[in-house]
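What follows is each chain in one-letter form.
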Amino acid sequence: MSPQEAADDADATELYNAEITRSKLKKKGASPGKIESEILKGRIKRLRTATIYRHMQDFQRICKFLVNKGHLSTNIMEDHIWDTAELARRQILEEDNERQTWCGKLDGLFRSQIFRDKLEDVGDPLFWAPLIAVHMGLRSEEVLQLYLADIEVIDDIPCIVLRQGPGQSLKSMASRRTIPIHDNLLKLGFMELVAMLERAGEPRLFPWLERSESKKTYTETFSKRFTKYRKDYGIYDAQRDFHSFRTTFNHLLIQTECPDTQRRALMGHVERDVGITNYNPGGFALALLRKRVNSVRVDISMIRPPFAEIRLASVTDLVSRRVITTA
């Protein structure tokens, strides 16, 4: 379908669903308020203003290029791209759905089953990935694609070293960084997990996680499971997704008054301070970064440590447990 046909089809489907919902609820004697609320829940999601405008800008860049090369006489997008006033008007009318932090909501997550019950698989990414992200600010793919070789002890400090490697991709040059592992993760047995996997001959931190068929990423596969888990346990919030853990870490660093230069180093953001890029090319000392990471306070008292009652598994134990889990 063309964009207009797709929009018309969505409008028609939305109207049809609304009439069915209204009819069913009226028969049940529902209030006008409840009827309206349920109809609004059934609306079909549309492209955000920022997304549409970004596509407009992309088309305009192409048009300007063609004009410069003499293939077009005028920029045909000039009369179609929104001006500043129109863009602002549409943004004002748009519903608020900005990503929120997990601050004040982590207790609900950490009191759900995966964090409270005995794990069948002590290396379950559904347990470890959110904890790593909220304690260290890693992006989802950065966490899920980790090799055991990326976990190093440098100057007696356990660290995760993020780098471009076989089967690994990073967002930018700034994403290449070394982050000390938060003490909370160490208390929960993170290094025990690494040792167990090494003895089992596994190369990756989450060896049983597979890439998606479409995007070929671990994130796409994991996100579906994480979303389903939150919905199953009544803790789903569209504005608090996995990336919100990274947002939370950044927010908590700011709350601790961490200098922006050190915060950017931990987050993998581009550094534009000449005093840092030119006069501190080796980066910050790991001892200092460890202090900054551990300044982020997260209550894990309600979480059951995976290795609390489990001996370090042998290769046979690891494989047999995995077979039981997937059966």
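Rules used in this analysis
- Residues numbered from 1 in each chain as written.
- Predicted model: local features only at pLDDT ≥ 70, side-chain atom pairs only at ≥ 80, totals over all residues.
- Heavy atoms only, no water.
- Helix = DSSP H or I, 4+ residues; strand = E, 2+ residues; numbered from the N terminus.
- Buried < 20%, exposed > 50% of the residue type's maximum accessible area, 1.4 Å probe, protein only.
- Expected span 1.5 Å × (residues − 1).
- Contact = heavy atoms within 4.5 Å.
- Polar contact = N/O pair within 3.5 Å; in protein donor to acceptor, adjacent residues only side chain to side chain.
- Salt bridge = Lys/Arg side-chain N within 4 Å of Asp/Glu carboxyl O.
- Core = buried A, V, L, I, M, F, W, Y, C linked by side-chain atoms within 4.5 Å.
- 1 Å grid on protein atoms, 1.4 Å probe; cavity = no way out; pocket = protein on both sides within 12 Å on 5 of 7 lines; lining within 4 Å.
- Points joined across faces, edges and corners; volume = space filled by probe spheres on them.

1. Examining unusual backbone geometry
Next, step 1: Its identity as a non-glycine residue notwithstanding, Lys216 has a phi of 60°, on the positive side.
Next, step 2: You can see Lys216 is positioned in the loop between α10 (190-199) and α11 (218-232).
Next, step 3: Note on Lys216: relative accessible area 47%, which makes it partly exposed.
Next, step 4: Positive phi, normally seen in glycine, also occurs at Glu257, with a value near 65°.

2. Overview of helix α1 (residues 3-27)
Next, step 1: Spanning 25 residues, α1 covers 37 Å between terminal C-alpha atoms, matching the ideal 36 Å at 1.5 Å per step.
Next, step 2: Regarding α1, the residues found buried are Ala10, Ala18 and Leu25.
Next, step 3: Contact partners of the buried residues in α1: α2 (32-41).

3. Some thoughts on the side chain of Ser212
Next, step 1: Counting through the fold element by element, Ser212 comes out in the loop between α10 and α11.
Next, step 2: The class for Ser212 is buried, based on a relative accessible area of 8%.
Next, step 3: Reaching out from Ser212, the side chain makes a polar contact with the backbone nitrogen of Lys216 at a distance of 3.1 Å.
Next, step 4: A polar atom in the side chain of Ser212 sits 2.5 Å from the side chain of Glu220.
Next, step 5: Excluding residues within four positions of it along the chain, Ser212 makes contact with Thr217, Glu220 and Thr221.

4. Looking at the pattern of salt bridges
Next, step 1: Applying the stated criterion across every chain yields a total of 20 salt bridges.
Next, step 2: Look at the salt bridges and you will find they share partners, linking Asp11, Glu14 and Arg46 into a network.

5. A look at the nonpolar core
Next, step 1: Ranked by size, the top nonpolar core spans 63 residues in total, and within it Ile132, Ile160, Phe190 and Leu205 carry the most contacts.
Next, step 2: Of the residues forming this core, the biggest block, nine residues, is contributed by helix α7 (residues 125-136).
Next, step 3: Those residues in contact with Phe190, other than ones at most four positions away along the chain, are Trp128, Ile132, Ile151, Ile160, Ile181, Leu185 and Leu205.
Next, step 4: Within the second largest apolar cluster, seven residues are counted, among which are Cys63, Met77, Ile81 and Leu87.

6. Some words on the layout of surface pockets
Next, step 1: Approximately 1,000 Å³ is the volume attributed to the largest pocket.
Next, step 2: Taken together, 25 residues line the largest pocket, and the ones lying closest to its centre are Lys45, Arg46, Arg48, Glu95 and Asn97.
Next, step 3: For the lining of the largest pocket, the elements supplying multiple residues, two or more each, are α2, α3 (49-68) and α4 (84-93).
Next, step 4: Broken down by element, the residue count for the lining of the largest pocket peaks at three residues, all from α4.

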